[in-house]
Amino acid sequence: MPTLVKQHRVNILKNSGALGTRGEPTGATTTVASSIPCSIETLNGRELEIATQVMANVQYRVKLHPSTSWNLDTKHWLVWSEKSKTLDIGHIADTETQNSTELTLLCGEQA
């Protein structure tokens, strides 16, 4: 398996978890991790077609090496500052490599 080329950096954020009376998230946003090296690829063609079966508005595949302290789930989101984009995480897959674990995230851009 090829080595992960980390061309980009993202911040990982999450809401505090507090909910309002209508179930909407309230409270502060917490930065879980800052300036995380990762690769970000735009999906197209057959890859995009397959990925939309998992997440309807998927646009990107993000690969990174995780930290156990993050406890990533689909309630987190990524801020890709260099492109001024906020990416919702729709699917998380672990991939075991020879030396470490790699996370593959399927993400869609926040409106």
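Look up a bit, the structure's there.
Residues numbered from 1 in each chain as written. Predicted model: local features only at pLDDT ≥ 70, side-chain atom pairs only at ≥ 80, totals over all residues. Heavy atoms only, no water.

1. Observations regarding the environment of W77
Within the fold, W77 resides in strand β4 (residues 77-80). As for W77 and K14, which are separated by 63 residues in sequence, their C-alpha atoms are 6.5 Å apart. Setting aside chain neighbours within four positions, we find W77 in contact with N11, I12, L13, K14, N15, T29, T86, L87, D88, I89 and Q110. (Helix = DSSP H or I, 4+ residues; strand = E, 2+ residues; numbered from the N terminus. Contact = heavy atoms within 4.5 Å.)

2. Here we look at the pattern of salt bridges
All told, the structure shown has 5 salt bridges when counted by the stated rule. Note that E41 and R61 form a salt bridge whose closest N and O atoms lie 2.7 Å from each other. Linking E41 in strand β2 (residues 29-42) with R61 in strand β3 (residues 60-64), this pair joins segments that are 20 residues apart in sequence. Residue class for R61 comes out buried when judged on its relative accessible area of 16%. (Salt bridge = Lys/Arg side-chain N within 4 Å of Asp/Glu carboxyl O. Buried < 20%, exposed > 50% of the residue type's maximum accessible area, 1.4 Å probe, protein only.)

3. Topic: the side chain of T104
By the element assignment, T104 lies in strand β6 (residues 101-109). For T104, a relative accessible area of 13% corresponds to the buried category. Discounting chain neighbours no more than four positions away, the residues touching T104 are R61, V62, K63, H91, I92, A93 and T95.

4. What to know about the packing of aromatic side chains
According to the stated counting rule, one finds 1 aromatic pair in the structure shown. Residues Y60 and W80 carry aromatic rings whose centres are separated by 5.7 Å and whose planes lie at 85° to one another, so their mutual orientation is edge-to-face. With Y60 in strand β3 and W80 in strand β4, the pair connects residues that are 20 residues apart, well separated along the chain. On the basis of relative accessible area, Y60 is assigned to the buried category, the value being 8%. (Phe/Tyr/Trp six-rings, centres within 6.5 Å; stacked < 30°, edge-to-face > 60°.)

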